Amino acid sequence: MELTWETGDSWFERIYSIESDNGQTIETLGSQPTLDELREIERRHGDPTTRLNLWQAGLLCADCSSEINGRFAAAPSGAILCWDCAMDTESANQSDIRVNTDPTKSVMSESHLHTKSLCDHVINVATGCRHGCEFCYVPTTPAIDNRDEMLADQADVDDPQADWGSYLLYRDDLPERLGRILEDRDPSDRKHTDRGRGIVMLSSGTDCYQDRRTAQITRGVVTELVTHDIPARILTRSPAVVRDIDLFQEAGDCITVGSSIPSFEAPLVSAIEPNAPPPMKRWEALDRLQQAGVPVFVSLSPTYPTMDEDDFHELLSYFRALGETIVFHEPINPRGANFQQCLEAATDAGYDDVAAELQRMRDDRQYWAEYALEQLNTVQQVAKRFNGLQVHSWPDNELIRSTSGQLRSKLTAMQQAVSAESFATTEPDTPPKQPVLAESGETVQQLM
C-alpha cells in the first residue's frame, strides 16, 4: 500500500490516491488529505502490519505548500503541516483540553521500569494526558518538570502539575521516526536487562489510546515494533484499545495489553481519576482482548487505603476470569503534590474515610509502611484462592528501607523477581516466582 499523487491544475496542487501493491487504486483522497484520513485508511486496508510511510511521500504542507521531506505534524483541524509551520501553530481548545504539537526529539527512551519487571524502553505518543489522574507521578518527572518553557509556549501551561489533565501535545510523526531508527540501528545496541527483557512499553507518561489521534500514532508505533520483532507492553485505561485487536493478533506472544483497575467502586475511581473511563469498561475491554487471543495483564495500582480482603477478592475474581493473568499490584504512596491532590479529591467527593486514611498516612510514615505491607500481603493471600492468577507486587524502595531482617530480605527478593509473563522473543533469565510475605500462620505484624 502506497500514497501516490498526480499534479492538479498547478504544481502546488496534487491529487492523492492510495494504491495497493499491485498498482490498483484503493481510495482517491483529493488535494488536501488530513492526517486522520490517512491513518484510518492505513488501518482499514491491507495487512494489519501494513503502514503508510508519510515521509517523502509527496505531501504538501497545508499552510506554506512546501513539500514535506522531514518531520511533520497535524494542525488541530487535522491538516498536515511541515515542521516549521507546526512549530508556529497556536494551541487550540478541544473539549476543554489545550492541544498542539510536541516538539520532543526523543523517540524510544531507556527506562528504569525494568526494576518493576515492566520494560527496558518506553515510548510516549504525547505529552500530557486527558485523564488527569490525581495520583499521577508524571508531572514530577523530568519529561514534564524540566520543560516549563516548552509547555507554556505550546499549550499555555502555567503549572504542569496543577494543569495536568488540561493539555495534550501530540507526536504525530512518531511512527515514521521510530521506523527509521529501527532500520538504522543495530538491535544489539538496545538495552536488555533480565527484568526488562528488552520490552518497549507504551505509554509510561500518557495514555496511548486516550483519543483517536493518540490511538492512530500508537498503531503505527506498534506496527513498527511488531515488524522488527520487538516485544511490547501496552498500558491503557481506554476501551478504545480494542480497535487494534487485528494488529495484536498478528503480533501473537510478542505483545501484551493491560489496563489499570484499582477498584470497581466507580464513584471513588472517578473522583481520583476524573476523566478516565469507568473501571468496568476497562475490564470489558480486556475481556474482549483475551477472548480474541490477545495476552492481557492488569495493573492493580494504586490501591486505596480503605480496601479490605472482600474488595480484593472481588477484584481478583474478575481478573481471573480474564484467563491466566498477571496482576501488577502497588499500594498508594503518600508523597508529592499529587498525593495532596488525591486527598483533596477524596474529600470533595465525600469519601471522608479515604481522606482520613490518606491524611494519616501522610502524617505518619510508619503508619503508611504498615498499611502497604498489609495490602501487599492481603493481595498475595487472596490470590492463592484463584489457580492461574499470579500477582507481581511492587514494594517501594522507601518501604524496603523502613524494614529489617527477614522482612526486608523478602521485600528485596520480591522487588528483584521477574514477572511470569512469556514473550515470544524473550524469556526471563531468572526464576519469576515472588516470595510471599507471610507464610501460613504468620502475620505481617510478627514479621515486623
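Look above for the structure.
Residues numbered from 1 in each chain as written. Predicted model: local features only at pLDDT ≥ 70, side-chain atom pairs only at ≥ 80, totals over all residues. Heavy atoms only, no water.

A. Quick peek at the packing of aromatic side chains. Applying the stated rule across the entire model yields 6 aromatic pairs. Taken together, a centroid distance of 5.6 Å and an interplanar angle of 40° make the contact between Phe328 and Trp394 tilted. With Phe328 in strand 16 (residues 326-331) and Trp394 in the loop between strand 17 (390-393) and helix 14 (397-401), this pair connects stretches of sequence that are 66 residues apart. No difference in accessibility class separates Phe328 from Trp394, as the two residues are buried. Cation over ring: Arg233 sits above Phe297, and NZ or CZ is 4.9 Å from the ring centre. The positively charged end of Arg360 is found above the aromatic ring belonging to Tyr367, 3.8 Å away from the centroid. (Phe/Tyr/Trp six-rings, centres within 6.5 Å; stacked < 30°, edge-to-face > 60°. Helix = DSSP H or I, 4+ residues; strand = E, 2+ residues; numbered from the N terminus. Buried < 20%, exposed > 50% of the residue type's maximum accessible area, 1.4 Å probe, protein only. Lys NZ or Arg CZ within 6 Å of the ring centre and 35° of its normal.)

B. Spatial organisation of empty space enclosed by the protein. For the structure on display, the rule yields 2 cavities of 30 Å³ or more. When its volume is computed, the largest cavity comes out at roughly 40 Å³. The wall of the largest cavity is formed by Tyr16, Ser31, Gln32, Pro33, Leu59, Leu60 and Ile80. The residue makeup of the lining of the largest cavity, split by class, is 5 nonpolar, 2 polar and no charged. Volume-wise, the second largest cavity comes out at about 30 Å³. Surrounding the second largest cavity, Thr236, Arg237, Ser238, Pro239, Val241, Gly258, Ser259, Arg282, Ala285 and Leu286 form its lining. Looking at the lining of the second largest cavity, the elements that each hand over two or more residues are strand 14 (255-260) and helix 9 (279-291). (1 Å grid on protein atoms, 1.4 Å probe; cavity = no way out; pocket = protein on both sides within 12 Å on 5 of 7 lines; lining within 4 Å. Points joined across faces, edges and corners; volume = space filled by probe spheres on them. Nonpolar A, V, L, I, M, F, W, Y, C, P; charged D, E, K, R; others polar.)

C. Representation of the nonpolar core within the structure. Counting 101 residues, the largest nonpolar core has Ile123, Leu225, Phe248, Leu289, Leu316 and Phe319 as its most contacted members. For this core, the leading source of residues is helix 13 (residues 365-383), giving 10 residues. Setting aside residues no more than four positions away along its own chain, Ile123 makes contact with Val107, Met108, Leu174, Leu178, Val200, Met201, Leu202, Ser203, Val221 and Leu225. Core analysis: the second largest hydrophobic core is formed by 26 residues, Ile18, Leu54, Ala74 and Ile80 among them. (Core = buried A, V, L, I, M, F, W, Y, C linked by side-chain atoms within 4.5 Å. Contact = heavy atoms within 4.5 Å.)

D. Region of interest: the environment of Tyr371. Along the polypeptide, Tyr371 turns up in helix 13. Spatially, the C-alpha atoms of Tyr371 and Pro305 are 7.1 Å apart, while their sequence positions differ by 66 residues. Setting aside its immediate chain neighbours within four residues, Tyr371 contacts Thr303, Tyr304, Pro305, Pro331, Ile332 and Met361.

E. Highlighting the side chain of Asp120. On the secondary structure map, Asp120 appears in the loop between strand 8 (109-110) and strand 9 (121-122). Looking at Asp120, its side chain comes within polar contact range of the side chain of Thr193, at 2.7 Å. Engagement of the side chain of Asp120 in a polar contact is seen with the backbone nitrogen of Gly198, the distance being 2.7 Å. Aside from chain neighbours lying at most four places away, what touches Asp120 is Ser109, Glu110, Ser111, His114, Lys191, His192, Thr193, Gly196, Arg197, Gly198 and Ile199. (Polar contact = N/O pair within 3.5 Å; in protein donor to acceptor, adjacent residues only side chain to side chain.)

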